[in-house]
Amino acid sequence: MRITGISTHVVGTPWRNLTYVQVHTDEGLTGVGETRMLGHTDALLGYLHEAETNHILGSDPFAVEDLVRRMKYGDYGRAGEIVMSGIAVIEMACWDIKGKALGVPVWQLLGGKVTDKVKAYANGWYTTERTPEAYHKAAQEVMARGYKALKIDPFGTGHFELDHDETLYSVSLIEAVRDAIGPDAELMLEMHGRFSPATAVRLAHELAPFKPAWLEEPVPPENLKALEKVAAKVDMPVATGERIHDRIEFRELFESQAVDIIQPDVGHIGGIWETRKLAATAETHYMLVAPHNVGGPVLTAASLQVGFTAPNFKILEHFNDFADAEIKKVVKGAPQVVDGYFHLSDAPGLGVELDTDAAAEFPQQQARFDLWAEGWEQRKPKGTQQ
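Just so it is clear, the model here is predicted, and its values are computed rather than measured.

Calculation notes
- Residues numbered from 1 in each chain as written.
- Predicted model: local features only at pLDDT ≥ 70, side-chain atom pairs only at ≥ 80, totals over all residues.
- Heavy atoms only, no water.
- Pairing = 2+ DSSP bridges.
- Helix = DSSP H or I, 4+ residues; strand = E, 2+ residues; numbered from the N terminus.
- Axes fitted to C-alpha atoms, helices over the stretch in contact; angles between N-to-C directions.
- Contact = heavy atoms within 4.5 Å.
- Buried < 20%, exposed > 50% of the residue type's maximum accessible area, 1.4 Å probe, protein only.
- Polar contact = N/O pair within 3.5 Å; in protein donor to acceptor, adjacent residues only side chain to side chain.
- Salt bridge = Lys/Arg side-chain N within 4 Å of Asp/Glu carboxyl O.
- 1 Å grid on protein atoms, 1.4 Å probe; cavity = no way out; pocket = protein on both sides within 12 Å on 5 of 7 lines; lining within 4 Å.
- Points joined across faces, edges and corners; volume = space filled by probe spheres on them.
- Nonpolar A, V, L, I, M, F, W, Y, C, P; charged D, E, K, R; others polar.
- Right-handed = clockwise from strand over helix to strand, strands pointing away.
- Left-handed = near helix turned anticlockwise from the far one by under 90°.
- Parallel < 35°, antiparallel > 145°, perpendicular 65-115°, else oblique.

**Student:** Tell me about the sheet that holds strand E1 (residues 3–12), and name the residues and values.
**Tutor:** The strands making up a sheet are joined through hydrogen bonds of the backbone, oriented either antiparallel or parallel. If you walk across this open sheet you meet the three strands as E1-E2-E3, and the pairing is antiparallel. Each end of this open sheet is capped by a strand with a single partner; those strands are E1 and strand E3 (30–37). Along the sheet, successive strands turn relative to each other by an average axial angle of 20°, direction set aside. Where helix H1 (residues 41–56) meets the sheet, its contacts fall on E1, strand E2 (17–25) and E3, and the angle it forms with E1 comes to roughly 175°.

**Student:** For the side chain of aspartate 153, give the residues involved together with the corresponding values.
**Tutor:** Its place among the elements puts aspartate 153 in the loop between strand E5 (149–152) and helix H6 (164–181). On the basis of relative accessibility, which here comes to 2%, the residue aspartate 153 falls in the buried class. Separated by 2.9 Å, the side chain of aspartate 153 and the backbone nitrogen of phenylalanine 155 make a polar contact. Reaching out from aspartate 153, the side chain makes a polar contact with the side chain of histidine 192 at a distance of 2.6 Å. In contact with aspartate 153, other than residues within four places in its own chain, are Tyr126, Glu190, Met191, His192, Arg194, Leu371 and Trp376.

**Student:** Lay out the pattern of salt bridges in plain terms, naming residues and giving numbers.
**Tutor:** Note that side chains of opposite charge can pair when their charged atoms are close. Enumeration according to the criterion identifies 24 salt bridges in this entry. Residue glutamate 217 pairs with arginine 243 through a salt bridge whose shortest N-O separation is 3.0 Å. Taken together, the positions of glutamate 217 in the loop between strand E7 (214–216) and helix H8 (224–231) and arginine 243 in the loop between strand E8 (238–240) and helix H9 (251–256) put the pair 26 residues apart, joining distant regions of the chain. Note on glutamate 217: relative accessible area 2%, which makes it buried. Among the salt bridges present, the one from glutamate 255 reaches arginine 251, with a minimum N-O distance of 3.2 Å.

**Student:** An account of the environment of alanine 279 is requested, with residue identities and associated values reported.
**Tutor:** Relative to the assigned elements, alanine 279 resides in helix H10 (residues 272–284). The exposure class assigned to alanine 279 is buried, which follows from its relative accessible area of 1%. A C-alpha to C-alpha distance of 9.6 Å links alanine 279 and arginine 247, two positions 32 residues apart in sequence. Apart from the residues within four sequence positions on either side, alanine 279 is in contact with Val289, Ala310 and Asn312.

**Student:** Describe in detail empty space enclosed by the protein, supporting the description with residues and values.
**Tutor:** The tally for this structure, following the rule as stated, stands at one cavity of 30 Å³ or more. Looking at the largest cavity, its volume works out to about 70 Å³. Residue classes in the lining of the largest cavity are distributed as eight nonpolar, two polar and one charged.

**Student:** How would you summarise the pairing of E5 if you had to cite specific residues and measurements?
**Tutor:** Burial along E5 is two-sided: the residues Ala149 and Lys151 and Leu150 and Ile152 are all buried. Of the strand pairs in this sheet, E5 and strand E6 (residues 186–190) are connected by four bridges, and their pairing is parallel. Looking at E6, one finds that alanine 149 is bridged to glutamate 186. Between the parallel pair E5 and E6, the chain is carried across by H6, and the sense of this crossover is right-handed.

**Student:** An account of the packing of helix H5 (residues 132–144) against H6 is needed here, citing residue identities and associated values.
**Tutor:** For the pair H5 and H6, interaxial distance at closest approach is 8 Å and the crossing angle is 30°. H6 is crossed by H5, and the crossing has right-handed handedness. Contact with H5, carried on its side by Pro132, Tyr135, His136, Ala139, Gln140 and Met143, involves Tyr169, Ser172, Leu173, Ala176, Val177, Asp179, Ala180 and Ile181 of H6 and no other residues of that element. Of the residues in the contact of H5 with H6, the class split is 10 nonpolar, three polar and one charged.

**Student:** I'd like to hear about the packing of H6 against helix H7 (residues 197–207), residue by residue, with values.
**Tutor:** Between H6 and H7, the least distance of the axes is 10 Å, while the angle of their chain directions is 40°. As the angle between them shows, H6 and H7 are arranged oblique. Considering how the two elements wind past one another, H6 and H7 form a crossing that is right-handed. In this structure, H6 contributes Thr167, Val171 and Ile174 to the contact, and H7 contributes Arg202, Leu203, Glu206 and Leu207. Of the residues contributing to the contact of H6 with H7, the split by class is four nonpolar, one polar and two charged.

What follows is the structure, encoded as structure tokens:
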């Protein structure tokens, strides 16, 4: 079996473009992969156009390791976010083809299941007025859908510091959310790499009474010493990793022991097998895995293949029941959250199929996600506010 070509389809919303790639073979089997780029979708498409000629055409889709190695190192220049994301979508599609050809789900090819279900946490649910009352109501609606965990960044446009009044207001938002979801649901606290170590530590102490399940990306991702400083002074699990694009770059993070939970994005770190390798290394450091997942149903399905096979897999992020939920229709067999969990599927490959006609209903947009803009949490960039 050989790869005869690829086709790309961009599904657009005002705040995110989802790039779907189909890999076609000479035996009639087609696989699909997905990633979500922020502000670099055209760059990704350009890279894939070149990589199709240089690396992909004529390759054996069963030889995933070889294809990834050639795409990563065959251009000599160091692979970054765009290249690793391009590798990821092709890699996912190859696993999908392999599973379909053999008649088994991808998780079976990764060593088999260790669980029948993966816990989900909701994100994108607080696209509403930024008030305690509105957040309380929105959080109740998350719980009503069966979720047992959710995540929130309550810090407005905070950057490095957060003044006294804004601190009190952010605390009031978290207080409202905790009241809405009760004491047992997991409440993940997102900082989006906003703060200086001192501010992150101060806010963690302010919010400790509400029992956050983790403190996510408390400082910008480039400085591990700053992250170590935070981890040494807070009494809650620390999570990070969505903006690391190569599993090799996790080495210093593992050595530092500064985090408890790593958050690779399957769509940015080279795909399913790269993430599974990373999960195995994390297991040797007694760390959990909770992938960043801001994509659509294909990326969710790909992340779940790791989730069903990794003993240290904690939970999976899920946007698609809330922010632009209508995009779920572009994929047949989209994973669903039932009673707070994704449940094991025996469907071959990734268990999903891209509906290209439905995808065409959501053309590419000039999508923006500006964390420093007022009202960013509503995920309606300036010019699209309603």
